[in-house]
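Structural overview
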Amino acid sequence: MLVVGLTGGIATGKSTVSQRLQSFGLPVVDADVIAREVVAPGTPALAKIVRAFGEDILLPDGALDRPKLGAIVFNDEAQRKVLNGIVHPAVWRAIFWAVATNWLAGKRICVLDVPLLIEGGLYKWVAKVAVVYCSPELQLQRLMKRDGSTVEAAIARRNAQLPISEKVAYADYIVDNSGSHQDLEIQVDGLVRKLYAETGWTWRLSWLMPPVGIMCAAWVLFWNSVKRARRAARKKR
Ligand SMILES: CC(C)(COP(=O)(O)OP(=O)(O)OC[C@H]1O[C@@H](n2cnc3c(N)ncnc32)[C@H](O)[C@@H]1O)[C@@H](O)C(=O)NCCC(=O)NCCS
Ligand SMILES: Nc1ncnc2c1ncn2[C@@H]1O[C@H](COP(=O)(O)OP(=O)(O)OP(=O)(O)O)[C@@H](O)[C@H]1O
């Protein structure tokens, strides 16, 4: 399976690209969605956030007050590091399991949509890196329009990441999103063709993965039951 890291700067168009990739049937693992799931009410990560940032960081219904936490961490690097230290390990773990699941399901390609792919070092673990690019000025305009944010808030968010001009240095593929939505679609279609060409012939063996996965799971269950039986026998003696 070809694992592709999809990244870019904030609001350069990753989600728009990943929607198009999904329309071709490619599985996309979205780190932003995972980052929300791992801080849902009742999770260990949310408890740690409350310990670090105080009870005030929760809404009356117990959910995380995201705008409030955003206002803190996007204006204070030290606080952002604290939050990243809590949330990122859980996100990386969930991404690992999502990749493993797609692999066992015999998928030919798996795309990881991760805003902090470069900053977090995950780019070292993927076969190919695709960077969605647009100029910093256009990025700012799109960010303000999408989030209805002030120029100061948008700049603070943009500055919390490696500049897009530095991210492109890590790219195997650059998706230039400086034009219209239609221009972007043409580029993504080209990217999909290149990715399929990259998978070579080995993916043809991927139909083996589901039965192998089932056999592995059966083996784990069997081995656990053997261990349980041995423990029970030892207790009797
Ligand atoms: C600070 C939080 C609560 C703000 O939530 P909010 O709903 O306003 O933003 P959302 O999560 O939708 O993120 C929007 C974009 O901001 C950027 N961003 C988010 N977190 C970070 C961060 N820690 N550092 C730099 N950029 C970030 C990404 O480009 C992301 O796509 C939230 O972003 C968060 O929990 N961030 C830490 C987890 C993280 O790093 N997520 C990114 C994927 S790993
Ligand atoms: N080619 C384009 N022309 C005009 N607007 C665009 C274009 N591509 C994306 N946009 C808009 O720009 C905004 C940001 O795009 P998108 O949400 O896909 O970015 P993102 O990189 O996923 O952002 P984030 O890092 O916050 O997750 C959205 O409102 C989107 O509709």
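Residues numbered from 1 in each chain as written. Chains lettered and ligands numbered in written order. Predicted model: local features only at pLDDT ≥ 70, side-chain atom pairs only at ≥ 80, totals over all residues.

Here we take up the site of ligand 2. With respect to spatial proximity, 16 residues lie near ligand 2, and among them Lys 14, Ser 15, Thr 16, Arg 142 and Arg 146 are the closest. Counting residues per element, the ones that place at least two in the shell around ligand 2 are helix H1 (14–23), helix H6 (136–147) and helix H9 (181–198). Ranked by residue count, the leading element in the shell around ligand 2 is H1, at three residues. Split into classes, the residues belonging to the shell around ligand 2 amount to four nonpolar, eight polar and four charged. (Near = placed C-beta within 6 Å. Helix = DSSP H or I, 4+ residues; strand = E, 2+ residues; numbered from the N terminus. Nonpolar A, V, L, I, M, F, W, Y, C, P; charged D, E, K, R; others polar.)

Before going further, it helps to examine the site of ligand 1. The local shell around ligand 1 holds 19 residues, among which Ile 10, Ala 35, Arg 66, Gly 70 and Pro 115 are the closest. Secondary-structure elements contributing two or more residues to the shell around ligand 1 are helix H2 (31–37), helix H4 (66–73) and helix H5 (77–104).

Where helix H3 (residues 44–53) meets H5, the closest approach of the two axes is 10 Å, and the angle between their N-to-C directions is 175°. By the angle between their axes, H3 is roughly antiparallel relative to H5. Taking contact as the criterion, the partners of Ala 45, Lys 48, Ile 49 and Ala 52 in H3 are, on H5, Val 82, Leu 83, Ile 86, Val 87 and Ala 90. Partitioned by chemical class, the residues of the contact of H3 with H5 number eight nonpolar, no polar and one charged. (Axes fitted to C-alpha atoms, helices over the stretch in contact; angles between N-to-C directions. Parallel < 35°, antiparallel > 145°, perpendicular 65-115°, else oblique. Contact = placed C-beta atoms within 7 Å.)

It is worth spelling out the nonpolar core at this point. Counting 32 residues, the largest nonpolar core has Val 4, Val 17, Val 111, Leu 112, Ala 130 and Val 175 as the members making the most contacts within it. Every element with two or more residues in this core is listed here: strand E1 (2–8), H1, strand E2 (28–30), H2, strand E3 (109–113), strand E4 (128–133) and H9. If one sorts the elements of this core by residue count, E4 sits on top with five residues. Residues Ala 45, Val 73, Leu 83 and Ile 86 belong to the second largest nonpolar core, which totals nine residues. (Core = buried A, V, L, I, M, F, W, Y, C linked by C-beta atoms within 7 Å. Buried ≥ 20, exposed ≤ 12 C-beta atoms within 10 Å, placed from the backbone.)

Next up on the list: unusual backbone geometry. A positive phi angle, close to 65°, is found at Ala 11, a residue other than glycine. Topologically, Ala 11 is positioned in the loop between E1 and H1. The exposure class assigned to Ala 11 is buried, which follows from the 25 C-beta atoms found within 10 Å.

By the assigned domains, the protein splits into domain 1 (2–200) and domain 2 (206–237). Just the C-alpha atoms count here: the centres of domain 1 and domain 2 sit 37 Å apart. Taken together, the contacts link five residues of domain 1 with five residues of domain 2. Per-class residue counts for the side of domain 1 that touches domain 2 are three nonpolar, one polar and one charged. (Domains from an automatic or database assignment.)

Taken together, the buried positions of H1 are occupied by Lys 14, Val 17, Ser 18, Arg 20 and Leu 21. One side of H1 carries all its buried residues, which in axial view fall inside an arc of 160°. What points out from H1, more than 90 degrees from its buried face, is the exposed set Gln 19 and Ser 23. Where H1 is buried, its residues contact E1, E2, E3, E4, strand E5 (173–176) and H9. Remark: Gly 25 follows H1 within two positions and exhibits a positive phi of approximately 85°. (Arc of directions from axis to C-beta.)

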